[in-house]
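# Summary of the model geometry
Listed below, chain by chain, are the residues.
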Amino acid sequence: AGPKPPLKVTARGSNHTYTTGGWRGQIHTAVMTNLASNTTYSYRVGDNVTGWSDVQMFRTLPKDVGRGKERPLRIAQVGDMGYGNKSDSTIKELTRLARNGLIDAVLHNGDVGYADGYQRHWDVFLRKIEPISSRVPYLTA
């Protein structure tokens, strides 16, 4: 994939630890502001105590996206996609589309993960979609 550019700006975030059913998780939240359109940004999340994620990259939308035939807004829509191996081919294709800049967002319209309250399954599912959700907005409904 080649070298990733150095990180130059910091956004202060928050960290929330949760426990459910014997499972301990971390949620890191930060807001990036004043982003330029049609620009690639690199980021990572974490802290010096619990550790840092890998550096990820995403590209902001062009100013004119969705306003004409030259650059429509491209949304991939999926549903009934779970944590198990039956979703592997869909994940592979969505990952390819996101990495190649061919989609702007994903809309997952129901039956997300099939974790059914089992936290380990959520973890498997969220790690599975990370190559997609780290690059484009991943919306659930």
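Analysis parameters
- Residues numbered from 1 in each chain as written.
- Predicted model: local features only at pLDDT ≥ 70, side-chain atom pairs only at ≥ 80, totals over all residues.
- Heavy atoms only, no water.
- Helix = DSSP H or I, 4+ residues; strand = E, 2+ residues; numbered from the N terminus.
- Buried < 20%, exposed > 50% of the residue type's maximum accessible area, 1.4 Å probe, protein only.
- Contact = heavy atoms within 4.5 Å.
- Areas by Shrake-Rupley, 256 points an atom, 1.4 Å probe, with all protein chains shown as cover.
- Lys, Arg positive; Asp, Glu negative; His and termini not counted.
- Charge placed at Lys NZ, Arg CZ, Asp CG, Glu CD.
- Pairing = 2+ DSSP bridges.
- Phe/Tyr/Trp six-rings, centres within 6.5 Å; stacked < 30°, edge-to-face > 60°.
- Bend = angle between axes of the 7 residues up to and from the residue.
- Core = buried A, V, L, I, M, F, W, Y, C linked by side-chain atoms within 4.5 Å.

Let us look at the overall build of the protein. Scanning the protein from N- to C-terminus turns up two helices and eleven strands. For the protein, the sequential pattern of α-helices and β-strands runs β-β-β-β-β-β-β-β-α-β-β-α-β. Considered along the principal axes of its C-alpha atoms, the protein spans approximately 50 × 35 × 30 Å. Relative to its 141 residues, the protein shows a buried fraction of 26%. Summarising the internal contacts of the protein: among those between residues at least 6 apart in sequence, 56% fall at separations of at least 24. Of the accessible surface of the protein, which amounts to about 9,900 Å², a share of 51% is contributed by carbon and sulfur atoms. Placing the 19 positive and 12 negative side-chain charges of the protein at their respective mean positions leaves the two points 7 Å apart.

In strand β6 (residues 56-59), alternate side chains face the same way, and those of Gln 56 and Phe 58 are buried while those of Met 57 and Arg 59 on the opposite face are not. As paired elements, strand β3 (residues 40-43) and β6 share four bridges and run antiparallel to each other. Looking across to β6, one finds that Ser 42 is bridged to Met 57.

Moving on, we come to the packing of aromatic side chains. What the rule picks out here adds up to three aromatic pairs. Each ring, one from Tyr 43 and one from Phe 58, has its centre 5.8 Å from the other, and the planes form 65°; the classification is edge-to-face. Highlighted residues: Tyr 43 in strand β3 and Phe 58 in strand β6, separated in sequence by 15 residues. Residues Tyr 43 and Phe 58 agree in their burial class; the two are buried. For the pair Trp 122 and Phe 125, a centre-to-centre distance of 6.4 Å together with 80° between the ring planes defines the contact as edge-to-face. Highlighted residues: Trp 122 and Phe 125, both in helix α2 (residues 119-133), separated by three residues, approximately one helical turn. Trp 122 sits in the partly exposed class, given a relative accessible area of 27%.

Along α2, the largest kink reaches about 30° and is centred on Arg 127; proline Pro 131 follows within four residues of it. Taken together, the buried positions of α2 are Gln 119, Phe 125, Lys 128, Ile 129 and Ile 132.

By the secondary structure assignment, Leu 94 is in helix α1 (residues 88-99). Through-space distance from the C-alpha of Leu 94 to that of Asp 80 is 15 Å; in sequence the pair is 14 residues apart. Contacts of Leu 94, omitting those with residues within four sequence positions, involve Ala 76, Val 78, Ile 103, Val 106 and Ile 132.

The next point concerns unusual backbone geometry. Residues other than glycine seldom take positive phi values, yet Asn 34 does so here, at roughly 55°. Look at Asn 38: it is not a glycine, yet its phi comes out positive at around 50°. Checked against the element boundaries, Asn 38 lands in the loop between β2 (23-30) and β3.

What follows is about the nonpolar core. Inside soluble globular proteins, nonpolar side chains tend to come together where they are buried. Membership of the largest hydrophobic core comes to 15 residues, with the highest contact counts inside it found for Met 81, Leu 94, Ile 103, Val 106, Ile 132 and Tyr 138. For this core, the secondary structure elements donating two or more residues are β7 (75-78), α1 and α2. Counting residues per element, this core draws most heavily on α1, which supplies four residues. Not counting residues within four places of it along the chain, the set of residues in contact with Met 81 comprises Ser 87, Thr 90, Ile 91, His 108, Asp 111, Val 112, Gly 113, Tyr 114, Phe 125, Ile 129 and Tyr 138.

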